[in-house]
Amino acid sequence: MKAKTTSIVDVLKRLAQLLLVVIGATFLLSLLLRLLPVGLKELYVTGLFEEDRQRQIKELGLDRNAFSYYLHWLWDFVRGDFGRIVLPGGGGESVASHVGRALPKTLQLVFYTQIFALAVAIPLGILSAYRAGRRTDRFVSYGLFTAASVPNFVLGLLLALIVGAKLEWLPPLGYVPISESFVDHIRGMVLPVLSLGIPLIASYTRLLRTDVIATLREDFVTMAVAKGLSDRRILFTHVLRPSSVTLLTAAALNMGALIGGSLVIERVFSIPGLGTEIGFAIFGRQYFALQAYVALVAVGYVVFNSVIDVIVGIVDPRTRERRGA
Amino acid sequence: MVLERFRSLDLFTKLCSSWLTIMILMAVLGPLLPLVNPREADVESMGVGLFSSGHVFGTDTNGYDVLANIVDGSRLSLLIAVVSVGLGGFLGAALGIVSAFVRGKFDYVVSLSFNIMLSIPNLVLGLALVAVLATSPDPTQAVSSNRRVVVVMLSLTIVIIPILGRIARGATLTWINREFITAARSMGLKNHQIVLKHVVPNVLPSIYAIGFLAIGVVIVAEGALSLLGVGITDGVSWGAAIARVSGDFTYAPHSMYMPVAVLALTVIACNQIGDYLRAQLDEREGKI
Amino acid sequence: MAGSGKAHLRPSSDPILSVEDLVVEFKAAGRESIKAVSGISFDLIRGETLAVVGESGCGKSTLGKAILRLIPSSGGSVSFEGRDLLALPDDELRQMRPAMQMIFQDPVSSLDPRFSVARLVEEPLAIWARGTVEERSKRVDELLEAVGLDAHLVRDRKPYEFSGGQCQRISIARSLALEPMLLVCDEPVSALDVSVQAQILNLLQDMKERYGLTMVFISHDLAVVKAVSTRIMVMYLGKVCEVAGPDTIYAQPRHHYTHALVSSIPLPDPNAPRVRTAIEGEPPSPANPPSGCRFRTRCPAATDECAVEEPQLTEVAPGHFVACHHPR
């Protein structure tokens, strides 16, 4: 009973920390806008007459001070109102609709990549740990290291160049939504996912390899072998479990790099995701939209990490004991 | 002594450190090397392949010599990386070490600030900073090249501060509970002396190790930012060179392959050195 | 038990160190504070070795660090050389440091792993600018030889190249560099193998004689302190139980806790008749100590009185003080 009450307090504490970080980040972002060398008023207030100008200023909230502006922004943000694209004549699309169109594509890219990478890395990692020490192992480990260090946009460019343009095995650019054609959708996503995924696979494989090699040395494995369990059974059910925590944590940490990488990959492969929208916002000088996009990314990242933290807390056999289960 | 160290490395690490040395030499000695002017287009040989006369790595579709641009680009790319990591690392480490030593409210604020900055993925943060700070008042006129460089350096410095800061803070926390710190105080050392003499030298190795990895991160970030069109635009850095040719590489693919390869190899080399230093560190910690 | 009181102080003998009503509190996150040291008093006459003995968590290490003001205290006074260390401004406190040095429990972690042995031992001399560089170097060699190490062999090595016992010797050499008057030893042999313990204890005795030191020797092991101490103070949960000379403590422990400690010391002859008094139960949490006498929850002789009133140290024989309502 006691363990349960402490954990509710802990959860609340964690939530408070989370909130603090998110509020801090989004507040800094809104302050950042004020650092614009140009000044938001000059950019967006384009009315010819004084009363038009005043109206515009009020609409965009430019008459408020930093705190007041932020609070209003926050209130709108949590309700899903991300502002509008500011056009000289007024009547720009809501940023939320841009997000609605673009976000699913980015999410697809990112999640396909993670799943693909984990799916390949797990057997690869276990296998390479199992065969550790053989002659080819050195070669494999250097290969993995190199693959993990290659910048993902480099891979993207090379793949687009060679596989896409030269060999024409797969389309070098363009995105096809699932609703149109599942096959084409997948074909379009293969190269982008490979570009982001190969370094990830290499990184997870290396991690898993080290972990599994260490776990294989433990007594409980010797015990399992003595009991007569098959190698495959041991590897996949007993050995994988403790390493799953490391993998989960790595997946969470890598998410940030993935999000960043997806920006560039979307550009290379012309995928109309959030990264592309961010690009439009920057070149179109739509800073309110930019603020919203970046805030979304930050919130998403923090929430994702916290969810993983919670899952790790539940799955990790060490913490499970402490909870008095 | 340096030679001894070098000899003790395994082949891969030797290759990586050699590569990095070559890159640094290239960057430093660049203008003195007998190369074609990188900013001058050779209209007579546009898009020629490797090993053509006068252009060892060929030229791109506009006639710019590929090798010359790589060498020239290395200066800016490496400069940005070294300054961002150097400055960002110094500031971040100073904050991290002091905050871990002093603890209390200051530590809480500093570590919260680090977490806040780290809640936005590196590239996204860099992008936002560059986008905002590099805006020119007149939409028709691009921002001056120098201004862009400074903005990119500043933004990447800001991105690096919490990364190295958190490492420094973590490392410091593991050291300040050791009894030799209490011993130092019992001998009559003042706090700032304890930090400088006993804490910093023990924390520095972990900072170096991650610092090399950070250099790789910055080189990639600069490349990515340039590719996205917000970084360096005039083609004078590696990223910018890649961005410049990404439009029509099909006619002169080597003009893309070469800078891409050089960038990738440099990042790999940085990662390997960083990894090697980290392994060394683990070994040493294990002895204690 | 829960001893307070100053009956055992000897102001007329001009003690070099006099601690009165020392209180050290820790604020645990969110909860009430833990009083690791609750109103302890003792004094130290020149040339004495006071052993502070007790089980883990009784506050003895905290006491050691607090009297040198290496951790903050919440109350009381520590009078050293006629000045209250707890009330001194930082700078003046620093000036007093050379006279009071400390040796720590973990021999390896008390030495900066990046410093060579010579640099470690020289550091205090360099801080206080004692002598020229050559003079300091000579002194370092002298100190290393004095603690039983071959100066030329060890000078340039790093701590991780040595065993625990050797590291402790280096620590001792370092602490003697400034020729202190007072040496606080915080469990100096607890981390060492038994065979090495004896060597280090002998070394400490030698150093004490050679340099005329006055020592506070903190340990959880009564057997260890018997040989080195001139007076023993037994602590329990932040309070004092009993104060007496070593022979008296061993032969006639009057406090029930001391008695239990003494009877648990292994004897060389397995057939010798002995009565072992086992203490019941677990030590109570320092955050919530029992009222009145803190030992009453584990004491075979506890009565209702023990729950109400905290016993004070009283002299039961010349030089022998006990804080108990019903001493043995």
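Residues numbered from 1 in each chain as written. Chains lettered and ligands numbered in written order. Predicted model: local features only at pLDDT ≥ 70, side-chain atom pairs only at ≥ 80, totals over all residues. Heavy atoms only, no water.

## Observations regarding the sheet that holds strand β11 (residues 314-317) of chain C
All names here are of chain C. Heads up, the rule is: Paired strands are those between which DSSP finds at least two bridges. Secondary structure elements are defined from DSSP: runs of H or I of at least 4 residues count as helices, runs of E of at least 2 residues count as strands, and each element is numbered from the N terminus. Structural elements are reduced to axes, namely lines fitted to C-alpha atoms, with helices fitted over the stretch in contact, and the angle between N-to-C directions of any two is expressed from 0 to 180 degrees.
Strand order across the open sheet formed by eight strands is β6-β7-β8-β3-β9-β10-β12-β11, with mixed pairing between neighbours. Single-partner strands in this sheet number two, and they are β6 (100-103) and β11. Pairs of neighbouring strands in the sheet enclose a mean axial angle of 25°, with direction left out of account. Two strands pair when backbone bridges link them, and strand β3 (residues 49-53) and strand β9 (residues 231-236) are joined in this way by four bridges, in the parallel orientation.

## Focus on the pattern of salt bridges
How we decide: What makes a salt bridge here is a side-chain nitrogen of Lys or Arg within 4 Å of a carboxyl oxygen of Asp or Glu, nothing more. Working definition: with a 1.4 Å probe on protein chains only, accessible area under 20% of the residue-type maximum means buried, over 50% means exposed, and in between means partly exposed.
Scanning the entire structure with this criterion turns up 20 salt bridges over all chains. Across the pair D275(B) and R278(B) runs a salt bridge whose closest N-O atoms are separated by 3.1 Å. You can see D275(B) and its partner R278(B) sitting in helix α10 (residues 254-287), three residues apart, about one turn around the helix. Residues R139(C) and E179(C) are paired through a salt bridge, measuring 3.5 Å at the closest nitrogen-oxygen approach. On the criterion of sequence distance, the pair formed by R139(C) in helix α4 (residues 133-146) and E179(C) in the loop between α6 (164-176) and β7 (182-186) is long-range, its members being 40 residues apart. You can call E179(C) exposed: its relative accessible area is 54%.

## Notes on the interface of chain A and chain B
Threshold: The contact criterion used throughout is that any non-hydrogen atoms of two residues lie within 4.5 Å. Note: buried area is the sum, over both parts, of the accessible area (probe 1.4 Å) each one loses when the two are combined. N or O atoms within 3.5 Å of each other form a polar contact, as long as, within protein, one can give a hydrogen and the other can take it, and as long as residues adjacent in sequence are counted only when both atoms are side-chain atoms. Polar here means any residue other than Ala, Val, Leu, Ile, Met, Phe, Trp, Tyr, Cys and Pro, which are nonpolar, and Asp, Glu, Lys and Arg, which are charged; Gly is therefore polar.
Listed by partner, the interface residues are 46 residues for chain A and 45 residues for chain B. Buried area between chain A and chain B, both sides added, is near 3,900 Å², and the carbon and sulfur share of it is 81%. By the criterion of area lost to chain B, the three top residues of chain A are F145(A), F153(A) and L161(A), representing 14% of everything that side buries. Here D275(B) and R206(A) are joined by a salt bridge, their closest N and O atoms 3.3 Å apart. Taken together, chain A and chain B are joined by five residue pairs in polar contact (both at pLDDT 80 or more). Put simply, the parts of the chain that give the side of chain A that touches chain B at least two residues each are α1 (2-33), α6 (135-149), α7 (152-166), α10 (231-269), α11 (274-283) and α12 (287-315) of chain A. Among the residues forming the side of chain A that touches chain B, the class breakdown is 35 nonpolar, seven polar and four charged.

## Quick notes on the packing of aromatic side chains
Put simply, the rule is: Two aromatic rings from Phe, Tyr or Trp, using only the six-membered ring of Trp, form a pair when their centres are within 6.5 Å; if the ring planes differ by under 30 degrees the pair is stacked, by over 60 it is edge-to-face, and anything between is tilted. As a reminder, the over-ring test applies to NZ of lysine and CZ of arginine, requiring each to be within 6 Å of the ring centre and within 35 degrees of the ring normal.
Tallied over the full model, the rule gives 12 aromatic pairs over all chains. Feature note: the residues F27(A), F67(A), Y70(A), W73(A), F77(A) and F82(A) constitute an aromatic cluster, connected by ring pairs. Taking the ring centre of Y69(A) as reference, the NZ or CZ of R34(A) above it sits at 5.6 Å. Sitting above the plane of the W175(B) ring, R178(B) keeps its charged end 4.5 Å from the centroid.

## Regarding the packing of helix α5 (residues 122-133) of chain B against helix α8 (residues 191-227) of chain B
Residue and element names in this part refer to chain B. Which entries qualify depends on this criterion: Here the word oblique covers every angle except those under 35 degrees (roughly parallel), over 145 (roughly antiparallel) and from 65 to 115 (roughly perpendicular). By definition, any crossing whose near helix is turned counterclockwise from its far helix by less than a right angle is left-handed, and any crossing with a clockwise turn is right-handed.
Between α5 and α8, the least distance of the axes is 10 Å, while the angle of their chain directions is 55°. By the angle between their axes, α5 is oblique relative to α8. When you trace α5 past α8, the crossing you get is right-handed. In contact with N122, L123, G126, L127 and V130 of α5, α8 contributes V217, A221, A224 and L225. Broken down by class, the residue content of the contact of α5 with α8 amounts to seven nonpolar, two polar and no charged.

## Regarding the confidence of the model for chain A
Predicted coordinates in regions of low pLDDT should not be interpreted in detail. All names here are of chain A. In plain terms, the rule: Known as pLDDT, the predictor's confidence for each residue is given on a scale from 0 to 100.
Scored by pLDDT, chain A has a mean of 82; 94% of the residues are at 70 or more. When pLDDT is averaged over each element of chain A, helix α5 (residues 95-130) comes out on top at 89 and helix α13 (residues 317-322) at the bottom at 52. Here residues 1-5 is a poorly scored stretch, pLDDT under 50, and it has one contact once near neighbours within four places are set aside; other chains count. Here residues 320-325 scores under 50 on pLDDT; set against residues more than four positions off or in separate chains, the count is four contacts.

## Some thoughts on the sheet that holds strand β2 (residues 33-44) of chain C
For sheets, the rule is that strands pair by backbone hydrogen bonds, running either parallel or antiparallel. All names here are of chain C. As summarised here, the arrangement of the four strands in space is β2-β1-β4-β5, forming an open sheet in which the pairing is antiparallel. Each of the sheet's edge strands pairs with one partner strand only, and the pair in question is β2 and β5 (83-84). Bridging between strand β1 (residues 17-27) and β2 involves nine bridges; their strand directions are antiparallel. Each residue of the ladder has a partner; that of L17, found in β2, is L44. Against the sheet, helix α1 (residues 60-67) touches β1, β2 and β4 (75-80), its axis set at about 115° to β1.

## Some points on helix α3 (residues 117-127) of chain C
Among the 11 residues of α3(C), eight are classified as buried, and the element is accordingly described as predominantly covered. Buried within α3(C) are the following residues: V117(C), A118(C), L120(C), V121(C), E122(C), E123(C), P124(C) and L125(C). Where α3(C) is buried, its residues meet α8 of chain B together with α4, α5 (151-154) and α6 of chain C. Two residues or fewer past α3(C), A129(C) is found with a positive phi of approximately 50°.

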